[in-house]
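Examination of the molecular architecture
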Amino acid sequence: VLDSVLSGLLHEFNDEKKSPSVGVVRLSGMLHSDECAALREIARQLCDTWGLSFLKSASFSTNLRFLREVLSELDKGHKTVVFVLDCLDLYTAKQKQGLLYNLLDVLQGSQAQAAVVGLSSRHDCLELMEKRARSRFSYRKVVMPAPPAEEGARVLRELLSAPADCSGDADAFN
């Protein structure tokens, strides 16, 4: 559902001939488990989207300062960024929740048009957030029920099957 909405948003507002008006930064609590790696990945994706130079060896504080500066520049250029935090509950399990606090704090302190979308399979995810991070969150929740068993099986079959037009024996693979 989210991918469909984001695809439509990018298609509607981004022109291939110009710098994008909307960018999406995706993080996963499973892949970007520590705060430094997550902030580095944010900086990398922002640089990729808007053609900026990325410094791979930048420290946490350097990347945080970079994020503030980029958001300020995006606001001046009337550009928007959507941060998608997959497995949000894994970020709330951290002792200090520094990434959540710093990201939400930077967004609250800037005039940039930005949104943070957190995805989790846990219903109590927001309650796991520290008070300082939770106070910067809007508490808008969209609960998606699990699909019926038949629909879930169909989606899994579709995702795990090789396309019929692929080289090799797709039937043997499937």
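Predicted model, so just to flag it, every value in this text is computed and none were measured.

A tally of helices and strands in the protein yields eight helices and three strands. In sequence order, the protein lays out its α and β elements as α-β-α-α-β-α-α-β-α-α-α. With the C-alpha coordinates of the protein rotated into their principal frame, the extents come out at 55 × 45 × 30 Å. Burial status across the protein gives 33% buried among its 174 residues. Taking all contacts inside the protein whose residues are at least 6 apart in sequence as the whole, residues at least 24 apart take part in 64%. For the protein, the centre of its 21 positive side-chain charges and the centre of its 23 negative side-chain charges are spaced 9 Å apart.

This part takes up the side chain of K79. Relative to the assigned elements, K79 resides in the loop between α3 (60-76) and β2 (80-86). Buried and unpaired, K79 has E73 as its nearest opposite-charge partner, separated by 10 Å. At 3.4 Å, the side chain of K79 and the side chain of S19 are in polar contact. Contact partners of K79, with chain neighbours within four places excluded, come to S19, P20, S21, W50, L74 and Q113.

Further remarks concern the nonpolar core. By size, the foremost hydrophobic cluster in this structure holds 29 residues, and its most contacted members are I42, L46, L67, L71, V81 and F83. Only β1 (22-28), α2 (35-50), α3, β2, α4 (88-92) and α5 (98-109) provide two or more residues apiece to this core. With six residues, the top contributor of residues to this core is α5. The residues touching L46, leaving out its near neighbours within four places in the chain, are V25, L52, L67, V70 and V81.

The pairing of strands in a sheet comes from backbone hydrogen bonds and takes either a parallel or an antiparallel form. Read across the open sheet, the three strands follow the order β1-β2-β3; overall the sheet is parallel. Since the sheet does not close on itself, it has two edges, and those belong to β1 and β3 (113-119), each with one partner. Each strand axis lies, on average, 15° off the axis of its neighbour in the sheet, ignoring direction. Inspection of the sheet shows β2 paired to β3 by seven bridges, in the parallel sense. Its bridge partner being in β3, F83 is matched across the sheet by V116. Contacts from helix α1 (residues 2-13) reach β1, β2 and β3, with the element oriented near 155° to β1.

With that out of the way, let us pick up the layout of surface pockets. If you roll a probe as big as a water molecule over the atoms, it shows you where there is empty space left. If you add up the space inside the largest pocket, you get close to 1,300 Å³. Together, 33 residues line the largest pocket, and V117, G118, L119, R140 and V142 are the ones closest to its centre. Every element with two or more residues in the lining of the largest pocket is listed here: α1, β1, β2, α5 and β3. The biggest single contributor to the lining of the largest pocket is β3, with six residues.

Between two packed helices, both the angle of their axes relative to each other and the distance between the axes serve to describe the pair. It is the contact of α2 with α3, at a shortest axis distance of 9 Å, that shows an interaxial angle of 35°. In this structure, α2 meets α3 at a crossing whose hand is left-handed. On α3, the residues touching E35, C36, L39, R40, I42, A43, L46, C47 and W50 of α2 are F60, N63, L64, F66, L67, V70 and L74. Its residues placed into classes, the contact of α2 with α3 shows 13 nonpolar, one polar and two charged.

Calculation criteria
- Residues numbered from 1 in each chain as written.
- Predicted model: local features only at pLDDT ≥ 70, side-chain atom pairs only at ≥ 80, totals over all residues.
- Heavy atoms only, no water.
- Helix = DSSP H or I, 4+ residues; strand = E, 2+ residues; numbered from the N terminus.
- Buried < 20%, exposed > 50% of the residue type's maximum accessible area, 1.4 Å probe, protein only.
- Contact = heavy atoms within 4.5 Å.
- Lys, Arg positive; Asp, Glu negative; His and termini not counted.
- Charge placed at Lys NZ, Arg CZ, Asp CG, Glu CD.
- Salt bridge = Lys/Arg side-chain N within 4 Å of Asp/Glu carboxyl O.
- Polar contact = N/O pair within 3.5 Å; in protein donor to acceptor, adjacent residues only side chain to side chain.
- Core = buried A, V, L, I, M, F, W, Y, C linked by side-chain atoms within 4.5 Å.
- Pairing = 2+ DSSP bridges.
- Axes fitted to C-alpha atoms, helices over the stretch in contact; angles between N-to-C directions.
- 1 Å grid on protein atoms, 1.4 Å probe; cavity = no way out; pocket = protein on both sides within 12 Å on 5 of 7 lines; lining within 4 Å.
- Points joined across faces, edges and corners; volume = space filled by probe spheres on them.
- Left-handed = near helix turned anticlockwise from the far one by under 90°.
- Nonpolar A, V, L, I, M, F, W, Y, C, P; charged D, E, K, R; others polar.

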